[in-house]
Structures are given as C-alpha cells and as structure tokens.
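Structural description and commentary
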Amino acid sequence: MEQQNNKEVFINVTGFQCLDNLQNNTIDLSLETCGIQNCFPGHWFGPGKRDLFLIHFICGGKGIFESGGKTYHLSKGDFFVIFPDTEVHYEADHTEPWDYMWVGFVGVKAESYLNYAGIDRDHVIGQYSNTSFLFSCIQQMLLARSTTPYNELKRTAALLTILSSIIEEYHITNPQDDYSASTHQEYLDRALKYIDKNLSMPIKISDIANYVGINRSYLTNIFKHSLGVSPQEYLIQYRLDYACMLLEDSDTKISNIAKAVGYADSLTFSKIFRKMKGMSPSAYRKKSLYQSNENDISKD
C-alpha cells in the first residue's frame, strides 16, 4: 500500500487496486475514488448508503444490485449507479462472482452528466460494451495518483472520457432521446455558465431564465430533473462552495469574500454560511487552517 498523505491512499494487492479519499479543488466534477476488483463469491455491501455518485462496471461474472425496492440481476456489460444517500445492497454471485471496475465522484454537474446517459434515481442501471476502453481509463487514473495539479487534471480528464463514452453509447442505442436531452443540457449549461460568470453580482433566478431564453418555471424543472435542486438552492450552494475555497486558500477579508460571491452585506453572508455549513466563516477558516497544519505535521 502506498500512502501519499494521510488522506489519499493507493492500494494494490492481488485482485484489488484502488485509489481512494482523493481531495480535489474543482466544484463541477471531482473524482473521489476508483478501482478494480475481482470479487470473492458472495462479496457484498449493504444495505447501506454512500455519500457520492458511484458507478460499477461489470467485466465478468454476475451478481445482484438492489436499489429503490428493485432487484437487478447483472452480468458482463452491465453497470449500476449508486446515488448519494440512497440505500443499496449489492452482492457477487456465489458460484460466478463478478469482477468490476468503479469510479466515484461528486460535483454540481455530476448528476446532469448521468441524466444525459439515461441514468436518474429511477433508472440506475445501463449497458456498456467496450469494457477494455474503460479499463484503460481507470488505469490512467490509478497511475496519476500523486497529489499534483496536473495529476488531478489527468484523473478528471479520464473521468470525463468515461462519462462521455457512456453518454455516447446511450444515444447511439436510444437516438429518439437526443433532441430533448441535448436541448435540456444546453439550457442547463448556459444557466451554469451564467451563474459562474456573474457570481459576484446579485443574481435573480429570473435573470438566469431570461439569459437562457426560457421561463422561470421551465428552468426550475430542468434544474430539479438534472441536479436534484432548484436554481436558488444551486446558486446558494455554489456561492458557499466558492466562498469555502477562498476561505481555505487565502487571507482575504471575509467582507471581501462575501462581495466576491454576491453578498453585499457580510452579515447576511455570515448568517447564510452558518445556516448551511454549521459554523461561521471565521470558524471555518480556523478549522481549515488547523487541518492544514495537522497535515503538514503528519508529513514531517
């Protein structure tokens, strides 16, 4: 086992390779874990929940996956998706246990990418034919395991390649879904881009809808379907996630950080931050500084 620091661990033993507990700086999409495993007969997880999006691609053998009160019998060429905070159970067959690869990720665009591949909380399985290509992508992730900015980009690039390939295969086999899905994705992308470029401004949801060219109700439906939250909820979370990055990586005054993320009144910013994060911005900064110092000590 190679340990890069006290958070990131690479495990390489017979029949099992895993890169876990990755720490990333991106908000849109971040790889958290990936790996390859030859499962023992009856190997199982759950019932339990995960705190990220997790895709398992089955390379051989068979097993079952249970989610949302349904049981799926899966084998080579199938994949199943676990959504955050959703109780699941999966188990390798006792005579022909499956081998699988997995990627786990988070980010504000994670769910929308899955939706574009025909995956949502009611449709959690799919098919993919080119498992050798997926294997090469995951190997790239495992090789890019050191904590450097360029390796983080390599891992993200490999993850995007995997997602784009399952999206492409889905739309090749389901061409009737292309128009509506691509149109909704275009609207969503335009909305997210507008928020990102105008984060320091007092954005209203009507401003976003007007920029995209649709009404507010339609915009809300797209956000809830693709991201699971309303535009307002997304906007607040995006502001606070960006504020957290500024609090962790700079000594900028909190009042200036508040303005940078669209709050002219620092007291309003602090009140919302405390409500959503469970602590004040200054307390969050102290906690991040303490954790950073602890990490530095552990490296010495």
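Values in this document were obtained by computation on a predicted structure and should not be read as measured data. (Residues numbered from 1 in each chain as written. Predicted model: local features only at pLDDT ≥ 70, side-chain atom pairs only at ≥ 80, totals over all residues. Heavy atoms only, no water.)

This part takes up the packing of helix α7 (residues 231-249) against helix α9 (residues 266-277). Running from N to C, α7 and α9 cross one another at 95 degrees; their axes reach a closest spacing of 11 Å. Taken together, α7 and α9 sit at an angle that is classed as roughly perpendicular. For the pair α7 and α9, the contacting residues are I236, Q237, L240, D241, A243, C244 and L247 in the first and F269, I272, F273, M276 and K277 in the second. (Axes fitted to C-alpha atoms, helices over the stretch in contact; angles between N-to-C directions. Helix = DSSP H or I, 4+ residues; strand = E, 2+ residues; numbered from the N terminus. Parallel < 35°, antiparallel > 145°, perpendicular 65-115°, else oblique. Contact = heavy atoms within 4.5 Å.)

Our next topic: the side chain of S226. Relative to the assigned elements, S226 resides in helix α6 (residues 216-227). By relative accessible area, S226 is classed as buried at 7%. With residues up to four places along the chain from it excluded, the contact list for S226 reads E111, S112, N115 and L188. (Buried < 20%, exposed > 50% of the residue type's maximum accessible area, 1.4 Å probe, protein only.)

We now examine the confidence of the model for the chain. Put simply, the chain has an average pLDDT of 87, and 89% of its residues get 70 or more. The element-level mean pLDDT for the chain is lowest in strand β1 (residues 2-3), coming to 44, with strand β10 (residues 88-92) highest at 98. Counting contacts from residues 1-6, a segment whose pLDDT is below 50, to residues more than four positions away or on other chains yields 14 contacts. (pLDDT = per-residue confidence, 0-100.)

As a further point, take the sheet that holds strand β7 (residues 62-67). Reading across from one edge, β5-β10-β7-β8 is the order of the 4 strands in this open sheet, with antiparallel pairing throughout. Single-partner strands in this sheet number two, and they are β5 (44-48) and β8 (70-75). Neighbour to neighbour, the strand axes of the sheet diverge by 15 degrees on average, direction disregarded. Here β7 runs beside β10; their pairing, made up of 5 bridges, is antiparallel. Across the sheet, residue I64 finds its bridge partner in β10, namely E91. (Pairing = 2+ DSSP bridges.)

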